[in-house]
Amino acid sequence: MGKYILKRVLLMFLTMFIIMTMSFILIKLLPLPAVREMGRDVNLILAKREKMGYNKPILVQYYLFLKNIITEWDWGVGEQMYEGLNVWNVMMQKLPYTVLVNLYSILLAIPLGLAFGIYAALKKNKWQDHLISTLVMIFISVPNYVYAFLIQYFLCFRLGWFPLQLESLSKAGSLFSWKMFSSMLPAVFSLGFSTVASLTRYTRAELSEVLTGDYMLLARTKGLTKAQAISRHALRNAMVVILPMIIGEFIGILGGSLIIENIFGIPGVGSLYITSINVRDYNFFMAMSMFYTFIGLASGIVNDISYGLIDPRIRMGSKK
Amino acid sequence: MMNEQRIPEIPAEKFRFIQQDEKIHDERIKTKPIGYFKDAWLRFVRNKSAVVAFVLIILLVLFAVIVPFISDYDVNFRSGYYKTMQPKSRLFAGLGFWDGGRQENLNLDSYNAVRAIGTETGRNVIMRENRVYTDAKGVEYHDVKVDSYYRVGFAYLNLTPEEYRKLKDYQDQTGIQVIYPLSRTYNIDFLQGNAGANYWYQLTNEASTSTGTPALDENGEPIPNYLTSPEKDKAGYDSLRVSWDNGGEDGNTWLVYAQKNQSGYRVRVDYYEYFRYIYGQEPCFLFGTNGYGQDILTCLAAGARLSFLLAISVSLINFVIGGVYGAVEGYYGGAVDMVMERVSDILYDVPFMVVATLFQLHLAQKVGVLPSLLFAFVLTGWVGMAARVRMQFYRFKGHEYVLAARTLGASDRRLIFKHIYPNSLGTIITGSVLAIPGVIFTESMLSYLHIINLETSSLTSIGTLLAAGQGYLSTYPHIIFFPALFISILMISFNLFGNGLRDAFNPSLRGAED
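All of these numbers come straight from a predicted model, not from anything done at the bench.

Let us look at the overall build of chain A. When its secondary structure is counted, chain A shows 13 helices and zero strands. Tracing chain A from N to C terminus, the helices and strands come up as α-α-α-α-α-α-α-α-α-α-α-α-α. The dimensions of chain A, computed from C-alpha atoms along their principal axes, are 80 × 60 × 30 Å. Looking at chain A as a whole, 51% of its 320 residues qualify as buried. Long-range pairs, those at least 24 residues apart, make up 70% of the contacts in chain A with a sequence separation of at least 6. Where the 30 positive side-chain charges of chain A centre and where its 17 negative ones centre are 10 Å apart.

Looking only at helices and strands, one finds 14 helices and nine strands in chain B. Its C-alpha atoms give chain B a radius of gyration of 37 Å, clearly above 24 Å, the size a compact globule of 514 residues would have. In terms of overall dimensions, chain B has C-alpha extents of about 145 × 65 × 55 Å along its principal axes. Out of the 514 residues in chain B, the part that is buried amounts to 47%. For chain B, restricting intrachain contacts to residue pairs at least 6 apart in sequence, the fraction spanning at least 24 positions comes to 72%. Looking at chain B as shown, the accessible area adds up to about 26,800 Å², and 58% of this sits on carbon and sulfur atoms. Across chain B, the 47 positively charged side chains and the 50 negatively charged ones have centroids separated by 8 Å.

Before going further, it helps to spend a moment on the interface of chain B and chain A. Contacts between the two partners involve 31 residues from chain B and, on the opposite side, 36 residues from chain A. Summing the contributions of chain B and of chain A, the shared interface buries around 3,100 Å²; its carbon and sulfur component is 79%. There are zero salt bridges connecting chain B and chain A. Summed over the shared surface of chain B and chain A, the result is three residue pairs in polar contact (both at pLDDT 80 or more). Here the side of chain B that touches chain A gets nine residues from one element, more than from any other, and that element is helix H14 (residues 478-504) of chain B. Residue classes in the side of chain B that touches chain A are distributed as 21 nonpolar, nine polar and one charged.

Residue and element names in this part refer to chain B. Checked against the element boundaries, Thr174 lands in helix H5 (residues 161-174). Taking the relative accessible area as the measure of exposure, Thr174 reaches 40% and is therefore partly exposed. A distance of 2.8 Å separates the side chain of Thr174 from the backbone oxygen of Tyr170, its partner in a polar contact. Only 3.3 Å separates the side chain of Thr174 from the backbone nitrogen of Ile176, close enough to count as a polar contact.

What follows is about helix H13 (residues 282-310) of chain A. If you check H13(A), its first and last C-alpha atoms are 41 Å apart, about what 29 residues at 1.5 Å a residue would give, namely 42 Å. The N-capping residue of H13(A), defined by a side-chain oxygen 3.2 Å from the backbone nitrogen of A:Asn283, is A:Asp281.

All right, on to the domain arrangement of chain B then. All names here are of chain B. Looking at chain B, the domain boundaries give domain 1 (52-65 + 293-509), domain 2 (93-150) and domain 3 (154-182 + 226-279). The interface is formed by five residues belonging to domain 2 together with eight residues belonging to domain 3. Summed over both sides, the interface between domain 2 and domain 3 buries roughly 580 Å², with carbon and sulfur atoms accounting for 51% of that surface. If you sort the residues of domain 2 by the area they bury against domain 3, Glu120, Thr121 and Arg123 come out on top, with a joint share of 77%. Between the two partners, domain 2 and domain 3, sit two salt bridges. Our enumeration of links across domain 2 and domain 3 arrives at one residue pair in polar contact (both at pLDDT 80 or more). Within the side of domain 2 that touches domain 3, the residues separate by chemical class into two nonpolar, one polar and two charged.

Analysis parameters
- Residues numbered from 1 in each chain as written.
- Chains lettered and ligands numbered in written order.
- Predicted model: local features only at pLDDT ≥ 70, side-chain atom pairs only at ≥ 80, totals over all residues.
- Heavy atoms only, no water.
- Helix = DSSP H or I, 4+ residues; strand = E, 2+ residues; numbered from the N terminus.
- Buried < 20%, exposed > 50% of the residue type's maximum accessible area, 1.4 Å probe, protein only.
- Contact = heavy atoms within 4.5 Å.
- Lys, Arg positive; Asp, Glu negative; His and termini not counted.
- Charge placed at Lys NZ, Arg CZ, Asp CG, Glu CD.
- Rg over C-alpha atoms; globule rule 2.2 N^0.38 Å.
- Areas by Shrake-Rupley, 256 points an atom, 1.4 Å probe, with all protein chains shown as cover.
- Buried area = accessible area lost by both parts, 1.4 Å probe.
- Salt bridge = Lys/Arg side-chain N within 4 Å of Asp/Glu carboxyl O.
- Polar contact = N/O pair within 3.5 Å; in protein donor to acceptor, adjacent residues only side chain to side chain.
- Nonpolar A, V, L, I, M, F, W, Y, C, P; charged D, E, K, R; others polar.
- Expected span 1.5 Å × (residues − 1).
- Domains from an automatic or database assignment.

Right, here's the structure in full:
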């Protein structure tokens, strides 16, 4: 198991290194954007560029870039946005917004998704199941920005339950104040719909397959009530597949949703990424691309490993 | 011994050959054979939701293909005056909905201004008066339904002598009043566009800070405030005149319809009729117009056409690349598979945003926005397809029929394309179809976020339309409603259709529903 994890992690870093190299070279091939005049920071940025060897060959630049990351964890400074500020620090400032919104939406979605899924599986092929399946189909297909528009129009504008955009930190007091929480809710709901739907679908499919197993019959025969049999045997077995998916979602909360953050004005990493692309700030773009690559790879690994941890029948990395 | 005794003696002449003149063969199977695709088709048509989704997709495709041809406007069309118009259908206009009407709460000044437009043109701008109320501050409001088209009212235009002459000819021929008398205005802000063209009456305050409060006569009606002249045909105007222009009591107070300036003539036109004069028909936008004055119907169809074209080409290219790549991986296995799988692993892990952005930055200048987006989709898109094909090949290559074909001397190519491919085709087609909504969604997201800009004179995309409507979400929700509805139906249909295909191509479900 340990060996398998080590192998996967090493492979992950290799993949990241290759992607980073390709991205770096492709970015360096682009013309270097001029530093905007804005007083004292220009000199800082120019000095930084000199230090990073911007007029040397690309491979030397890449060496310096890697050296800075490994020795000082320095991803450069903002050139077109947040001028002169350390890229990594800015990202870390933005991260709490993204994490909170996504965390709330998952915490909301998991119980709902599981409940609907279990209910549909128990009522399989009855009208309740058909209703839930149809709704799941619709909610999975409709793009999440459509929910965002609907929620923004009806809940925020028409009914006035929530503010149209996220409250600013200075107004709300703190990230965890009630005001901040309620202004996050529209985004939380918009993100939640599709998560609830996909979790419902997964749970229903897994549970209804498990319920037909022979051991379920045995459990009933030995005298367990239906509720006991389902909670002790069926659900546990279904969880083998459902839990890794939930764990994968948790890793994904770091990434967030670009479009939802844009619509509700959430100053998270997604908005930062979009801005960095639009204003062509390559330092931010590079760092954040790596961030997203890392999230993707890490959630894949955690997902695979969690199968092994949850299900004792699966042995990781064994030859046979 | 005993058996021989039991059989009675049969004389030789009693025997005859029954098939002496006939050819011996097995009986032919009378029923028609059900092939792979026929079988899938039978299962597909039984899935009602998939069939409905398929029909919907066809309708949406037809919408995207046909509408740009029959539409009265093109993507390039931007009306400077008819912005944020409500949807209006000629068919339903009389029934009180889909008639271009909009619910508005107007204060007294706006209410009078809106009503005055109707007084002059003879078209009722106010469709329905719901109620009059006073708010907490004591300000009177009118809750009314206003015709958003009629509300535009008048505009000041500068016409060249040629255009001026043609417009006059048009008036003479049709008898429709387009040019209205100029109003006497002292407000410099009101000389161009339609900012002040609707004020044909006296204001209580004519200064540039005017709030537009009309000076009403004792009957509560606005007092006309037209430019007058003793000449009847001032600035060469010899065409139709409005009914209240009768030379006045002294017989030589004529209203002025045009003013000569450096480039031509300045006139005040009823924009509704002017639109009809220019475009040959009354303004009527089935889905309304957005904040740029674009016809949403046409733009939506054009955007949908782009999305379909992009998604289908991506899907086809991925089908070919992924198919060949996966086939080679799966068929040869071993070291070839190892190496190729690592390559596709790395490509799979590159976030799409990174690819799309880098391609935009590098290629958009050279080959155009759309091709570079297509490349971006293809670069990472085929990996999923390749994985699917590889799985299928691993599944089928060990089967006995493949071994038999190989024993008979079939080449690798023949085995791949003749024997294994047809068997895995169902899964591959399903994968291709299910990839289409993903492409459409991603494209709309990227153009919504302005990461790609597909907007040109003849192109637009659903994402761009959504972005154009977002600022108007609270005031004019119809701008975002139609594109959002369209893409939602599209996504639901494609997913249903894809699921139906998946079930249809899955022979293990044969007879499962019976």
